[in-house]
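One-letter residues, chain by chain:
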Amino acid sequence: NDVRVRRAISMAVDRQTIAKITYGGEAVVSLFPPRKPFFIPFEALSPNTRKYLEYHPQEAKALLAEAGYPNGIEMEIMVTTQYGPPFTEIAEGITAMMAPAGIKAKLDWREYNNYRVTINAATFPQAALGPSTSSEYLELSRFRSDNSASVNRSGVKDPTLDGFIDRFMTSVDEKVQVEAATAL
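From a predicted model like this one, the values you see are computed outputs, not experimental measurements.

Draft legend 1. Structural context of the overall build of the protein chain. In terms of helices and strands, the protein chain carries nine helices and three strands. Seen in sequence order, the protein chain has helices and strands lined up from the N terminus as α-α-α-α-β-α-β-α-β-α-α-α. Burial analysis of the protein chain (184 residues in total) assigns 37% to the buried set. Considering only intrachain contacts with a sequence separation of at least 6, the fraction spanning at least 24 residues in the protein chain is 67%. About 10200 Å² of surface is accessible on the protein chain, with carbon and sulfur atoms providing 54% of the total.

Put into structure tokens, the structure is as follows:
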């Protein structure tokens, strides 16, 4: 539950390469899916926010060391073959991208029904990778500390994050929402 580990994992994924190679340059990197009102182009994000969405394996490795993992971490990422390529290729690419950051990621391939049951029960080991079509409100609310394990499947307990989520979800002012989202 260490923000430095979460940031290191984020910085160990080369989203720009995934967008360029897997989706032929048609995908975009952002905090939210490219739909209004919350879509913020990557270039419009603050430099501090952008850095956690950019590929910086050496900085990720340093964050892991700072968090008490000088030899890196091992993690298991549960995925399903249900969605086929390019999703399966992305999952494989992510594990390779993480290695230079000191993250030894292993994919745990699951049949779709097993994947869904495990996701809904929040019993996956460390991470799960899958597409989402939920709204920004639902996606953010999943990370509130006071949600049950079936909703907060990642088990994040972070009062600072709760504050950002509350600001985002309780404001009707789009500017306040964007500021809260980019502060994450």
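There's plenty left to go through after this.
Draft legend 2. Structural detail: the confidence of the model for the protein chain. Taken residue by residue, the protein chain gives an average pLDDT of 82. The fraction at 70 or more is 82%. Ranking the elements of the protein chain by mean pLDDT puts helix α7 (residues 136-141) last with 62 and helix α4 (residues 57-66) first with 98.

Draft legend 3. Examining the nonpolar core more closely. Ranked by internal contacts, the top residues of the largest apolar core, which has 25 residues, are Met-75, Ile-77, Met-98 and Ile-103. The biggest single contributor to this core is helix α5 (residues 87-98), with five residues. Discounting chain neighbours no more than four positions away, the residues touching Met-98 are Ile-9, Ala-12, Val-13, Met-75, Ile-77, Ile-103 and Ala-105. Counting five residues, the second-largest nonpolar core is a separate cluster that includes Val-29, Ile-40, Leu-45 and Leu-53.

Draft legend 4. Geometry of the environment of Thr-80. By the element assignment, Thr-80 lies in strand β1 (residues 73-80). Accessibility expressed as a relative area gives 0% for Thr-80, which makes it buried. Between the C-alpha atoms of Thr-80 and Ala-91, which are 11 residues apart in sequence, the distance is 9.5 Å. The contacts of Thr-80, once residues within four sequence positions are left out, are Phe-87, Thr-88, Trp-109, Arg-110, Glu-111, Tyr-112 and Tyr-115. In terms of polar contacts, Thr-80 uses its side chain to reach the backbone amide nitrogen of Gln-82, at 3.1 Å. Reaching out from Thr-80, the side chain makes a polar contact with the backbone oxygen of Arg-110 at a distance of 3.0 Å.

Thresholds applied
- Residues numbered from 1 in each chain as written.
- Predicted model: local features only at pLDDT ≥ 70, side-chain atom pairs only at ≥ 80, totals over all residues.
- Heavy atoms only, no water.
- Helix = DSSP H or I, 4+ residues; strand = E, 2+ residues; numbered from the N terminus.
- Buried < 20%, exposed > 50% of the residue type's maximum accessible area, 1.4 Å probe, protein only.
- Contact = heavy atoms within 4.5 Å.
- Areas by Shrake-Rupley, 256 points an atom, 1.4 Å probe, with all protein chains shown as cover.
- pLDDT = per-residue confidence, 0-100.
- Core = buried A, V, L, I, M, F, W, Y, C linked by side-chain atoms within 4.5 Å.
- Polar contact = N/O pair within 3.5 Å; in protein donor to acceptor, adjacent residues only side chain to side chain.

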